[in-house]
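# Examination of the molecular architecture
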Amino acid sequence: MKIIRYPNTTDRSLKPWSSADELLLEQVLGQNVSEKKIITYNDRFGYLNCQLHQCDVLSVISYKSQEKSHKINRENNGLIFDDTRFVNPLSSIDQKVDMALMKVPKSLHLFELYLAQINTCIKGEGVVYCSFMTRHFTKQLLSISYKYFELVEQSLAKKKARVLILKKKKELKENELINKLSLGDGQILKQYYGVFSAKEIDKATQFFINNLHVEENTNEVLDLAAGNGVLGYTIQKQLPNCKLHIIDDFYLAVESAKLNLKGEDISFHYNDTLKEIGENSIDLVVSNPPFHFEYETNIEVSLRLFKEVSYCLKQGGKFQMVANRHINYGPHLERIFNKVIRVMQNDKFEIYKCIK
Ligand SMILES: C[S@@+](CC[C@H](N)C(=O)[O-])C[C@H]1O[C@@H](n2cnc3c(N)ncnc32)[C@H](O)[C@@H]1O
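Here's what I pulled together on the structure shown here. (Residues numbered from 1 in each chain as written. Predicted model: local features only at pLDDT ≥ 70, side-chain atom pairs only at ≥ 80, totals over all residues.)

## Notes on the sheet that holds strand 3 (residues 86–87)
With mixed pairing, the 7 strands of this open sheet are ordered in space as 3-2-1-4-5-7-6. Strand pairing shows two members of the sheet lacking a second neighbour, strand 3 and strand 6 (149–154), which therefore form its edges. Here 5 bridges tie strand 1 (residues 37–41) to strand 2 (residues 56–60), and the two strands are oriented parallel to one another. Residue pairing for strand 2: Thr40 is matched across the bridge by Ser59. Set on the sheet, helix 1 (residues 19–29) makes contact with strand 1, strand 4 (97–103), strand 5 (122–133) and strand 7 (161–169); between it and strand 5 the angle comes to about 150°. (Pairing = 2+ DSSP bridges. Helix = DSSP H or I, 4+ residues; strand = E, 2+ residues; numbered from the N terminus. Contact = placed C-beta atoms within 7 Å. Axes fitted to C-alpha atoms, helices over the stretch in contact; angles between N-to-C directions.)

## Overview of the site of the ligand
The environment of the ligand is formed by 18 residues, the closest being Thr205, Ala225, Gly227, Phe250 and Asp272. Here the residues of the shell around the ligand are counted per class, giving 10 nonpolar, 4 polar and 4 charged. (Near = placed C-beta within 6 Å. Nonpolar A, V, L, I, M, F, W, Y, C, P; charged D, E, K, R; others polar.)

## Here we look at the pairing of strand 5
Pairing between strand 4 and strand 5: 6 bridges, direction parallel. Pairing of Lys103 across the sheet is with Ser131, part of strand 5. As for the winding sense of the linkage, the β-α-β connection from strand 4 through helix 4 (residues 108–121) to strand 5 is right-handed. Here strand 5 runs beside strand 7; their pairing, made up of 7 bridges, is antiparallel. In the strand pairing of strand 7, Met133 is matched with Ala161. (Right-handed = clockwise from strand over helix to strand, strands pointing away.)

## Remarks on the nonpolar core
Membership of the largest hydrophobic core comes to 93 residues, with the highest contact counts inside it found for Ala100, Val128, Cys130, Val285 and Val309. For this core, the element with the highest residue contribution is helix 4, accounting for 7 residues. Summarising the domain contributions, this core has at least three residues from each of domain 1 (19–169) and domain 2 (200–355). For Cys130, the residues in contact, after removing those within four places along its chain, are Met102, Val104, Val163, Leu164 and Leu166. (Core = buried A, V, L, I, M, F, W, Y, C linked by C-beta atoms within 7 Å. Buried ≥ 20, exposed ≤ 12 C-beta atoms within 10 Å, placed from the backbone. Domains from an automatic or database assignment.)

## What about the sheet that holds strand 18 (residues 349–355)?
A sheet is described by the order of its strands in space; here 7 strands give the open sequence 12-11-10-13-16-18-17, paired in mixed fashion. The outermost strands of the open sheet, each flanked by one partner alone, are strand 12 (266–270) and strand 17 (339–345). Within this sheet the neighbouring strands show an average axis-to-axis angle of 15°, counted without direction. Pairing between strand 10 (residues 220–224) and strand 13 (residues 282–287): 4 bridges, direction parallel.

The following block contains the structure:
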């Protein structure tokens, strides 16, 4: 079976699966799985989904790019693609499952949100396998696991990966896992566990907000890689009548932005590209673009998004963004936009204004 990454990358050190995924598969294949109902989490590129194609598998899909990756890999391997076998991390899951397989996400909050969902849909005698690279182990994995399960065991390490085995689910009341972040002006933003950034408004975002002044003749605005929608929220306060687009690849981010932004002229896009935004249609794009994906650091996604920004902007439209200085986006932006101005910087971050 051939599994590829979507989006693809020129970084050959980045693989579509790791020994932590292999270890999860090993747990399942050692058992009589044909009669078992399985649910998977954080199967980023569809390795488990494809390998377990003969089993009854429900896949929890948290990212639009993950959904696309599963589709590509199933089709490339001649497997039927049935998106009714996909659910999201907030779905209430009617069918009871025997087994849950999770590659532990980097965000411990997201780990908890996944365990909370598993707790609602796993049978009393069901077992949860959570794999991780041993270098990513933290004791909090155990304390969070014990919130939802009575028994937590650890496997031996294999190829630098290990599995936590969780049994005997606890009977718990359903609890919405939402963080509240203060914007400093008495305003509170809500976000589901796992959405950037966990405990407070990100420092780069805060620097951007403090220096974000929007021109009055701005009608249509796009908050790219919006997270909880904090930048869109800031724009809406300055321009209450603008049309706002919110886009993020992460399902929980878009759902969080819906909690924070109200109004008729807001479109929420759960997507990893700007292809559904019209050409030459936007006056202003704002962003704190992504460069961390779990444990990987990669700016290729952002560079592709910047090209798409240029396509969506009206002639003379503006792209304003904040970034860590060490990334040095300047030369990349200069290849895409007519004019690039570094309008502000401090010791860690810089703000760019790019004009199409
Ligand atoms: C650095 S966070 C910024 C979030 C928010 N704007 C803020 O300032 O707090 C980057 C966001 O990019 C999102 N993201 C990653 N890849 C994306 C893609 N291809 N398209 C859209 N959003 C993406 C992530 O889910 C994350 O919410």
